[in-house]
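Chains, contacts and geometry: an overview
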Amino acid sequence: MSLVSAVGVRKSFGGVEVLRGVDLEVAAGEVVCLLGPSGAGKSTFLRCVNHLETIDAGRIRVDGTPVGFAERGGRLHELREREVARQRRDIGMVFQRFNLFPHRTALENVAEGPARVLRVPRGTAFDEARALLARVGLADKVDAYPHQLSGGQQQRVAIARALAMKPKLMLFDEPTSALDPELVGEVLDVMVDLARAGMTMVVVTHEIGFARQVADSVVFMVDGAVVEAGPPAQVLDNPRRQRTKQFLAKVL
Ligand code: ADP
Ligand code: MG
């Protein structure tokens, strides 16, 4: 069964349709890379999956539950705020900008969510945060504040922070685009490890090498619609559509 199932998703902003019937399926444990030019609607799509936008038509399900709705008495109802928060807990999101709390250490940034939202006892939350920071290669930076860390290190803290909530699904929106080139690799390495550990991931990226290495499928989007989708060997190395070829010629 799909962990993420999007069917005919439409979204407009001020009369301009930016998602024009997007279909996307992500099986549990799969990594899907979402590629496409600026303005294609990639971020908007991720934001719809993560409740940051509401869709105008179509349906998105995460782990069988329709995003934005709850089943009560055999009927679908629009979610109450608490139910939205409940659904969002299962989804980790990592943005281009890291958005760490500036006055909290790396450890506090990671432990905060579990301690406050999941009500994990503080000692446990801090132990788990330490383990997660070690997993992203930052065991020696637990007490550092964001401003004392490089962009790559901050992004790895952001990934650890998302993982601390034990999400079923991780969404990445151009996680390496704001980084100096020499820092991109350390973040991608963490994402490769995560993919190999079986995390279900949807990754918007221009890192074709990453897509080739870990994606189970690559989805190429233009103007709010999926143009081409399939295994990386097909979409990246043997694209069928002219539009895909043109795009790849620019980013490769
Ligand atoms: P991508 O991530 O592929 O670059 P986006 O999803 O950010 O594309 O944007 C798709 C289109 O939707 C763009 O034309 C963008 O200007 C527009 N858009 C995105 N968010 C908003 C918003 N909140 N209000 C109005 N227009 C938006
Ligand atoms: Mg974007």
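Residues numbered from 1 in each chain as written. Chains lettered and ligands numbered in written order. Predicted model: local features only at pLDDT ≥ 70, side-chain atom pairs only at ≥ 80, totals over all residues. Heavy atoms only, no water.

**Remarks on the environment of Met-201**
With respect to the secondary-structure elements, Met-201 resides in strand E10 (residues 200-204). Of the residues examined, Met-201 reaches a relative accessible area of 0% and is grouped as buried. For the pair formed by Met-201 and Asp-140, sequence separation is 61 residues and the distance between their alpha carbons is 27 Å. Residues in contact with Met-201, not counting those within four places in the same chain, are Glu-30, Val-31, Val-32, Met-170, Phe-172, Met-191, Leu-194, Ala-195 and Phe-210. (Helix = DSSP H or I, 4+ residues; strand = E, 2+ residues; numbered from the N terminus. Buried < 20%, exposed > 50% of the residue type's maximum accessible area, 1.4 Å probe, protein only. Contact = heavy atoms within 4.5 Å.)

**Examining the sheet that holds E10**
The six strands are arranged E8-E9-E10-E3-E11-E12 in an open sheet whose pairing can be described as mixed. Two strands in the sheet have a free side with no partner beyond their single neighbour: strand E8 (91-94) and strand E12 (225-230). In this sheet, adjacent strand axes meet at a mean angle of 15° when their direction is disregarded. Bridging between strand E3 (residues 31-35) and E10 involves four bridges; their strand directions are parallel. Bridging across to E10, Val-31 finds its partner in Met-201. Across the face of the sheet, helix H1 (residues 42-49) comes into contact with E3, E8, strand E9 (169-173), E10 and strand E11 (217-222) while running at roughly 155° to E9. (Pairing = 2+ DSSP bridges. Axes fitted to C-alpha atoms, helices over the stretch in contact; angles between N-to-C directions.)

**Quick word on the site of ligand 1**
Close to ligand 1 lie Phe-13, Val-18, Pro-37, Ser-38, Gly-39, Ala-40, Gly-41, Lys-42, Ser-43 and Thr-44, which account for all nearby residues. Here an oxygen atom of ligand 1 sits 2.7 Å away from a polar atom, N or O, in the main chain of Gly-39. Measuring from an oxygen atom of ligand 1, one finds a side-chain N or O atom of Thr-44 at 2.5 Å. Computed on the free molecule, ligand 1 has an accessible area of 560 Å², of which 56% lies beneath the protein chains in the complex. Taken together, the residues of the shell around ligand 1 sort by class into four nonpolar, five polar and one charged. (Near = heavy atom within 4 Å. Polar contact = N/O pair within 3.5 Å; in protein donor to acceptor, adjacent residues only side chain to side chain. Areas by Shrake-Rupley, 256 points an atom, 1.4 Å probe, with all protein chains shown as cover. Nonpolar A, V, L, I, M, F, W, Y, C, P; charged D, E, K, R; others polar.)

**A short note on the pattern of salt bridges**
The final tally for this structure, using the stated rule, is eleven salt bridges. Close ionic contact of Glu-112 with Arg-104 constitutes a salt bridge, the shortest N to O distance being 3.1 Å. A residue is classified by how much of its surface remains accessible, and Arg-104, at 31% relative accessible area, is partly exposed. Of the charged contacts, one joins Asp-237 and Arg-212 as a salt bridge, the two residues approaching to 2.6 Å between their closest N and O atoms. Placement of the pair is Asp-237 in the loop between helix H8 (232-235) and helix H9 (242-251) and Arg-212 in helix H7 (residues 208-214), with a sequence separation of 25 residues. Look at the salt bridges and you will find they share partners, linking Asp-63, Arg-86, Asp-90 and Lys-168 into a network. (Salt bridge = Lys/Arg side-chain N within 4 Å of Asp/Glu carboxyl O.)

**Comments concerning the packing of helix H3 (residues 106-116) against helix H5 (residues 151-163)**
The geometry of H3 relative to H5 is characterised by a closest axis approach of 8 Å and an angle of 25° between their N-to-C directions. Relative to H5, the element H3 lies roughly parallel. As H3 packs across H5, the resulting crossing turns out to be right-handed. On H5, the residues touching Ala-106, Asn-109 and Val-110 of H3 are Val-157, Ala-160 and Arg-161. The residue makeup of the contact of H3 with H5, split by class, is four nonpolar, one polar and one charged. (Parallel < 35°, antiparallel > 145°, perpendicular 65-115°, else oblique. Left-handed = near helix turned anticlockwise from the far one by under 90°.)

**A few points about the UniProt feature "domain: ABC transporter" (unreviewed entry) in the chain**
Mapped onto the present numbering, the UniProt feature "domain: ABC transporter" (unreviewed entry) falls on residues 4-248. With 36% helix and 28% strand, residues 4-248 has its two end C-alpha atoms placed 26 Å apart. (UniProt positions renumbered as here; feature names shortened; annotations may be inferred.)

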